[in-house]
Structures are given as C-alpha cells and as structure tokens.
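The lines below spell out each chain.
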Amino acid sequence: MYPRLIVLGALHLTFIIWYLGSSGVISQWPITTLWSMLLLLYLCKEIVLPSSFKPAIVLIKDDWIFLAFIFFVGGRIISDFLFKGDQIDYNGASLFEFNANVLYLMVMYYLLGRFCFDYALKNMRVITIGFSILFACVMLNIDHGLGRIKMDFLDERKMGLYLILGDIFSLVAIAAFCSVKRNDAKVAISLFSLVALFYLNSRASLYVSLLVYVSYFSFIKLTNVIKYGFFFLATLLLILFIYGDSAIESNERMFFGFGNAGEDLSLAGRNEMMDLGLDHILSNVIFGNYGGVIQDVGVIGAYIHNAMSYWQQFGLFAFVIFVYLTLSNFISLFKLALSNRDVFSRVDCQFVILGGFFSVLMVVFARSYAWYLVWLFIGYSASVRELLYSAARIRSSQ
C-alpha cells in the first residue's frame, strides 16, 4: 500500500498540485518533501524490519555505480560552492541551490523506481484511474483561445512548467498503456494521451510519445498493426476534423515540424545553447565547465538541452556513467524481448522498453541533466533486470 501512495505522490499528485498550486486554486504544498519523506521511511522499514517472506533490501551493481555517480556530482557541487562561492544568475537564482535540488531529486526518483514503482505499475486499477484523473485535469483547464492548457496565471519565470507537466503526464500514460492487456484499451489510452499532450504544449513529450506508441504497434503482429493502426489514424483524423483548424491557428508551435524551422524561436535558442555548451566541453574535456552558463549568459538554464549537459556541467566521468546507467539495462532487456516475445508481454518489461525508449529519446534530443524523471526509469530498469536474471539463475541452478 505504502509504495503505491509514494508513486501517486511523486507523479500524479505532483502534477495536480504543481498546476493547481501555481494557478492559486489550492495551496502549493511541499509535495516533493512529503512523498520523499514517506519513501525514506518506507526504505528504512524494509531494511530494519524486512518481511518474513521478503529479504531485506540488497544493493546491486547498479546501486553502487549510482552511489559513485552521486558522490562525484555532489562533491563537484559542494566543492565549487566552498572554494569559489555561490553563483547567482540575473533572475536571482542560486546555482548551488538549483543543482543541490536537482541532485536531491535524482536520488529520490532513482529510489522510487528501484524500490517502489513496481508495486504501483502492476496494479492496473491504480494506474488507469490515476491516468484518468490527470487527463480530466488537463481537459478541464484548456484555454481554447490559445489551444493549450491555461498558463496565463504564471509569471514569466514559471512558464516552463508545461514541460515537466507534459513529461510527468507522458510517463503516467505509458505506465497505464503498459498496465492494460487489451490492445483496444491501449489504443484508447494512447489517443487520449496524445490529445492531452497537445494541449499541455510540450512538443518533445508529444512527438516522442507518438513514436513510442507507433513503435509498440509495429512490434506486435502485422494484422494487429493494420487493425489498430487504422483505428488510431481514423480517430486522430476525426479529432483534427473537429478541432484541427482552430488548434493549428491558435497553437502553431506544436506543428513546427511541418513549417519553417527557421522561424522557431525555441529551436533557435536551443541551437545557441548547444553551440555554447560544446565550447564549454571543448575548453575542458575532462572536468567540464561547471556554472559556465552563468558566467557567459547570466542564466542557469542556458545549458545544453540533452544528455551532453552532464558533460558540460560535471565532466566526462559523470557523462559516461549516466550513459551507462541509462542504456545498459534498457539494451539488455530489449534484446531479451526480441529473442522472447513472452518477455515483452510482461508489464514490467514492457514499461522498461517503452518507458526507456521515451526516456532515452528525451535525453538525446530534448532534456538536460536537470530532467530528474529519467532516474525513475534508470532505477526501475535496474530492478526489473535484477529480478529477471535472478529468476534465470535460480532456474539454471535447479
């Protein structure tokens, strides 16, 4: 019961409270602190008072590698603060506080995926009801004039809230998609998800999620691809027929791939950040250029918006370890699923592959080191791989 509450707090309640709290509808509770306290208490209970039928928590290889990564990155953040002092950007944001919070969330979401997420994912009712609540939350707060979720109540510094809302919604939708068995239910969840992501205004979340769902239906039998693909396409065409003109006119940025990319200010800004970040990496290949974006641009968030930001901020070691933790279990389980289709039918393996596909694409193309949600996938993929290989070792020893 407790792990499910922790997952609901970390994903579903965080989404609702961040959005409604920012709008002033409810008080903006310290939800991250609350669920992380529950997580730590739960882990302490499992270590000190393990169940009679379940051994105490045992650390695996990936846990030790993750600890090395955290100590290295944390040491870099603390040593820079102690020996060079804090850096403040022109918005008054502290580099030390920003990165300390990112580090804290990396740890919390890794632990969440490693020890709690499986309990919630395998409870279809919890996951699908949670998805339905978030979908309703989005659809009931649409600004039809702008073709997106209402954001006019936010000040300029918080306008990026839609990015994390879109990412949380995507992961919740993929979890719901994996938890149901019937393909018609999967089609319905994917369609509702794509509609909501359009209005959440996050292009990366929308297009990557679309690619995830298309990849899934391409992986199953050809007859199902034709049948469900036709339904999928027909429903999307119906939605575009009803809402298409007004949606496109009021929210053209969501269709940047079909227009003039040179006019896309967001893409142009990210290209400038990439050029600056590559200069930082080349100037110090081993150790990176921690905080260099403040010195050169004056803004904490001007780092590269992909996985190379780990290299830019913390150096080559942090980047290599992050790439290893992100890809090793994902590739291993993907190969296993290709050789044994029964593996892909498991809810946990399906989420590692589809959620991993989503996470990998996001950190390759759109999200930086501050995107802590990838650590949920990293922790969970380590847990699932250990479960499968432990079961294989037991069978081989019998």
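Whatever comes next refers back to the structure up there.
As the structure is a prediction and not an experimental result, all values here were calculated from the model.

Criteria and thresholds
Residues numbered from 1 in each chain as written. Predicted model: local features only at pLDDT ≥ 70, side-chain atom pairs only at ≥ 80, totals over all residues. Heavy atoms only, no water. Helix = DSSP H or I, 4+ residues; strand = E, 2+ residues; numbered from the N terminus. Buried < 20%, exposed > 50% of the residue type's maximum accessible area, 1.4 Å probe, protein only. Contact = heavy atoms within 4.5 Å. Areas by Shrake-Rupley, 256 points an atom, 1.4 Å probe, with all protein chains shown as cover. Expected span 1.5 Å × (residues − 1). Bend = angle between axes of the 7 residues up to and from the residue. Patch = residues over 30% accessible without salt bridge, like charges linked within 9 Å, V, L, I, M, F, W, Y side chains within 5 Å. Salt bridge = Lys/Arg side-chain N within 4 Å of Asp/Glu carboxyl O. 1 Å grid on protein atoms, 1.4 Å probe; cavity = no way out; pocket = protein on both sides within 12 Å on 5 of 7 lines; lining within 4 Å. Points joined across faces, edges and corners; volume = space filled by probe spheres on them. Nonpolar A, V, L, I, M, F, W, Y, C, P; charged D, E, K, R; others polar. Core = buried A, V, L, I, M, F, W, Y, C linked by side-chain atoms within 4.5 Å. Phe/Tyr/Trp six-rings, centres within 6.5 Å; stacked < 30°, edge-to-face > 60°. Axes fitted to C-alpha atoms, helices over the stretch in contact; angles between N-to-C directions. Parallel < 35°, antiparallel > 145°, perpendicular 65-115°, else oblique.

Quick look at the overall build of the protein chain
Thought 1: Across its full length, the protein chain holds 17 helices and two strands.
Thought 2: Relative to its 398 residues, the protein chain shows a buried fraction of 51%.
Thought 3: Taking contacts inside the protein chain between residues at least 6 apart in sequence as the whole, the part at least 24 apart equals 76%.
Thought 4: Accessible area for the protein chain stands at about 19100 Å²; split by element, carbon and sulfur atoms hold 67% of it.

Things to note about helix H14 (residues 316–339)
Each turn of an α-helix holds 3.6 residues, which means side chains three or four residues apart point in the same direction.
Thought 1: Between its terminal C-alpha atoms H14 stretches 34 Å, which fits the 34 Å expected from 24 residues at 1.5 Å a residue.
Thought 2: At Leu-327, H14 is bent by approximately 25 degrees, the largest bend along its length.
Thought 3: Buried within H14 are the following residues: Ala-318, Phe-319, Ile-321, Phe-322, Leu-325, Thr-326, Asn-329, Phe-330, Ser-332, Leu-333 and Ala-337.

Some remarks on the side chain of Asp-348
Thought 1: Note on placement: Asp-348 falls in helix H16 (residues 347–365).
Thought 2: Sequence-distant contacts of Asp-348, defined by excluding residues within four places in its chain, comprise Asp-118, Leu-121, Lys-122, Tyr-380, Val-384 and Leu-387.

Let's talk about a nonpolar patch on the surface
Thought 1: A cluster of nonpolar residues, Leu-59, Trp-64, Leu-67 and Phe-71, forms a patch on the protein surface that exposes about 440 Å² of accessible area.
Thought 2: With respect to the element layout, Leu-59 can be found in the loop between helix H2 (31–48) and helix H3 (61–84).

Considering the pattern of salt bridges
One side chain can pair with another of opposite charge once the charged atoms of both are near each other.
Thought 1: Counted by the stated rule, this structure contains seven salt bridges.
Thought 2: Two residues, Lys-84 and Asp-80, come together in a salt bridge whose shortest N-O distance is 3.8 Å. Of this pair, Lys-84 and Asp-80 both sit in helix H3, four residues apart, roughly one helical turn.
Thought 3: The exposure class assigned to Asp-80 is buried, which follows from its relative accessible area of 7%.
Thought 4: Within this structure, Asp-118, Lys-122, Arg-346 and Asp-348 form a network of salt bridges that share partners.

Observations regarding empty space enclosed by the protein
Thought 1: Counted under the stated rule, the structure contains one cavity of 30 Å³ or more.
Thought 2: In this structure, the largest cavity is lined by Ile-77, Asp-80, Phe-81, Gly-85, Asp-86, Gln-87, Leu-95, Phe-96 and Tyr-290.
Thought 3: Listing elements by their share of the lining of the largest cavity, those giving two or more residues are H3 and helix H4 (95–115).
Thought 4: In terms of residue count, H3 provides more of the lining of the largest cavity than any other element does, three residues in total.
Thought 5: In terms of residue class, the lining of the largest cavity is built from five nonpolar, two polar and two charged.

Some points on the nonpolar core
Thought 1: Counting 121 residues, the largest nonpolar core has Phe-15, Phe-69, Tyr-109, Phe-169 and Trp-375 as the members making the most contacts within it.
Thought 2: Per-element accounting of this core gives the leading share, 14 residues, to helix H7 (residues 161–179).
Thought 3: Beyond its immediate stretch of four places on either side in the chain, Phe-169 contacts Phe-15, Phe-131, Leu-134, Phe-135, Val-138, Ser-193, Ala-196, Leu-197 and Leu-200.

A look at the environment of Tyr-19
Thought 1: Inspection of the secondary structure assignment puts Tyr-19 in helix H1 (residues 2–23).
Thought 2: Residue classification places Tyr-19 among the buried positions, given a relative accessible area of 1%.
Thought 3: When the C-alpha positions of Tyr-19 and Leu-161 are compared, they lie 8.0 Å apart, and in sequence the two are 142 residues distant.

Observations regarding the packing of aromatic side chains
Thought 1: In this structure the tally under the stated criterion is 31 aromatic pairs.
Thought 2: Between Phe-81 and Phe-96 the ring centres are 4.2 Å apart and the planes differ by 25 degrees, which places this aromatic pair in the stacked class. Pair noted here: Phe-81 is in helix H3 and Phe-96 is in helix H4, with a separation of 15 residues, a long-range link.
Thought 3: The exposure class of Phe-81 is partly exposed, given its relative accessible area of 33%.

A word on H7
Thought 1: The terminal C-alpha atoms of H7 lie 27 Å apart, and with 19 residues this matches the ideal 27 Å at 1.5 Å per residue to within 8%.
Thought 2: With respect to burial, H7 is a largely interior element, 18 of its 19 residues being buried.

Details of the environment of Phe-219
Thought 1: Within the secondary structure, Phe-219 is located in helix H9 (residues 203–219).
Thought 2: Classification of Phe-219 by relative accessible area gives buried; the value is 15%.
Thought 3: On a C-alpha basis, the gap between Phe-219 and Phe-344 in space is 9.7 Å, while along the polypeptide they are 125 residues apart.
Thought 4: Every residue in contact with Phe-219, bar those within four places of it in the chain, is listed here: Ala-337, Leu-338, Arg-341 and Phe-344.

What about the packing of H3 against H4?
Thought 1: At a minimum axis distance of 10 Å, the contact between H3 and H4 shows a crossing angle of 170 degrees. Considering their axes alone, H3 and H4 lie roughly antiparallel with respect to each other. Where H3 approaches H4, its residues Asp-62, Asp-63, Phe-66, Phe-69, Ile-70, Val-73, Gly-74, Ile-77, Ile-78 and Phe-81 are matched on the opposing element by Phe-96, Asn-99, Ala-100, Leu-103, Met-106, Val-107, Tyr-110 and Arg-114.
Thought 2: Split by residue class, the contact of H3 with H4 holds 13 nonpolar, two polar and three charged.

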